[in-house]
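# Report on the structure
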Amino acid sequence: MKRYYQPEVETASYEEIRQIQNEKIVKQVRYVYENVPYYRNLMEKKGVTPDDIKSVDDIKKLPFLSKDDLREAYPYGLLGTDLKNCVRIQSTSGTTGKRVVAFYTQKDIDMWEECCARAIVAAGGTEEDVVQVCYGYGLFTGGPGLNGGSHKVGCLTLPMSSGNTDRQIQFMMDLQSTILCCTPSYAAYIGESLAEQGYKPEDNKLKAGIFGAEPWTEEMRQEIEKSLGIKAYDIYGLTETSGPGVAFECEEQTGMHINEDHFYAEVIDPKTGEVLPDGEKGELVFTSLDKEGFPLLRYRTKDICILSRKKCSCGRTHVKMTKPLGRSDDMMIIRGVNVFPSQIEAVLLKEGYPPNYQIVVDRVNNSDTFDIYVECTPAMFSDIIADMQAKEKKLNLAMRSMLGIGPKIHLVAPKTIARSEGKAVRVIDKRKLH
Ligand code: ADP
Ligand code: ZN
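Owing to the predicted nature of the structure, the values given are computational and were not obtained by experimental measurement.

Cut-offs applied
- Residues numbered from 1 in each chain as written.
- Chains lettered and ligands numbered in written order.
- Predicted model: local features only at pLDDT ≥ 70, side-chain atom pairs only at ≥ 80, totals over all residues.
- Heavy atoms only, no water.
- Pairing = 2+ DSSP bridges.
- Helix = DSSP H or I, 4+ residues; strand = E, 2+ residues; numbered from the N terminus.
- Contact = heavy atoms within 4.5 Å.
- Axes fitted to C-alpha atoms, helices over the stretch in contact; angles between N-to-C directions.
- Donors = N, O, S within 2.8 Å, 3.2 Å for Na, K, Ca; no water.
- Tetrahedral: all angles 85-135°; square planar, octahedral: opposite > 155°, others 65-115°.
- Buried < 20%, exposed > 50% of the residue type's maximum accessible area, 1.4 Å probe, protein only.

### Describing the sheet that holds strand β8 (residues 244-249)
What the 11 strands build is an open sheet, ordered β4-β3-β5-β6-β7-β8-β9-β13-β12-β11-β10; its pairing is mixed. Sheet topology places β4 (156-159) and β10 (263-268) at the edges, where each strand pairs with a single neighbour. Both strand β3 (residues 130-133) and strand β5 (residues 179-182) contribute to a ladder of 3 bridges, which runs parallel. Across the sheet, the residue bridging to Gln132 is Leu180, located in β5. Sitting on the sheet, helix α5 (residues 106-122) touches β5, β6 (208-212), β7 (231-237), β8 and β10, and the angle it makes with β8 is about 20°.

### Description of the coordination of the zinc ion (ligand 2)
Every protein donor of the zinc ion (ligand 2) is accounted for by Cys250 (SG), His257 (NE2), Cys312 (SG) and Cys314 (SG), and the metal-donor separations fall at 2.1 to 2.3 Å. Taken together, the 4 donor atoms coordinating the zinc ion (ligand 2) and their angles of 103 to 112° define a geometry best described as tetrahedral. Spacing between the donor residues of the zinc ion (ligand 2) along the chain follows C-x6-H-x54-C-x1-C. Here His257 is found in strand β9 (residues 256-258), whereas its partner Cys312 is found in the loop between β12 (299-308) and β13 (320-321), with 55 residues between them in sequence. For the pair His257 and Cys312, a shared accessibility class is recorded, and that class is buried.

### A closer look at the environment of Gly315
Relative to the elements of secondary structure, Gly315 occurs in the loop between β12 and β13. Judged by its relative accessible area of 31%, Gly315 falls in the partly exposed class. With 304 residues separating them in the primary sequence, Gly315 and Thr11 have C-alpha atoms 6.1 Å apart. Ignoring anything within four residues of it in the chain, the contact list for Gly315 reads Tyr4, Glu10 and Thr11.

And the structure:
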């Protein structure tokens, strides 16, 4: 069985990858300088010229770009080539505010789809497979990215898009899908729906799932693997760099290989902007090495992670990133304590609750309120108030020991928290509206 989609690059030596990167960055910086006045301006302000960039080691001399720059330059300010050379736009999900738009030439799309193809092959995909893509199609990158990658591998592709879960299940069963692609929260929902319809995990033909676009915990992975009877792989990406497939997991399932021949990754201290050595936790920054339509240099993702160059048993040599340990902008500060939704999810699943919850933060009389609504499974749910209160108390203590502060827990009846078909909305922070 084919283990890699592009073995020559995916298993190239560190030196070979460096050489590819060095050649590309010199060209790319000049390209951006000549074609993107917005970025040339930033370079001039910093006193850097393309001549200063001789290898990827010099990337640290370049100015950063942030989502604010993208919003300021919206829509065409960061375009790298004439619109007539572009064939597509995609747009972010707008998780943290106004959407931004990215432009693609045909070459950009081919590169992106190849990255997704690498992810599918890493999850065991071959031309024998039936790939059910239930990420949203349209402006969101999830559907188009995995769809293109699946075509490149030669899989039979089911362009389902998200939603209509009964139809998803019908096609999954009738067409014997073997690989499922969607957000992890939707995968959990599909698993739950299959069980409700009386299917056991072994009744479906799925062997793997490729899940990403939102944070998910190891506990969530185990839950999904069990309910669908599959191996669940993580995939990471963002519209600004292309979409899913910037990094993907291999069979080792210990972090995602970054497609380093296309994206140069740095981890920085989010406060000072200083580049941190591998192994340290910080904000991920990407430089696209060969994009034409939307060629961002040193883009700050706000995703917090750790890079590792530890040898991987899969034979791939590209650097690995941990699962994003939260977005620096989805970290909540509640009563002065840093809280990430992923910590809450980990506690819930460890305590045996299903991954259906919502966090509500508000400010009343100048003091933060912190409530978590948690769904019970039918087996857990009880009419006896004392039983439910004891469960709430236990969960409150488990949260307190993980987070350092205790939320008010509300156990709610099965099926009362809305399911997500795309990116789940886990946090409602009403303080921002004040
Ligand atoms: P938005 O920033 O509006 O959500 P995108 O749809 O482009 O825009 O989503 C990209 C973001 O989604 C990433 O920056 C990251 O925060 C999140 N993301 C993508 N893949 C993963 C993943 N596998 N795990 C955790 N978060 C992810
Ligand atoms: Zn690997």
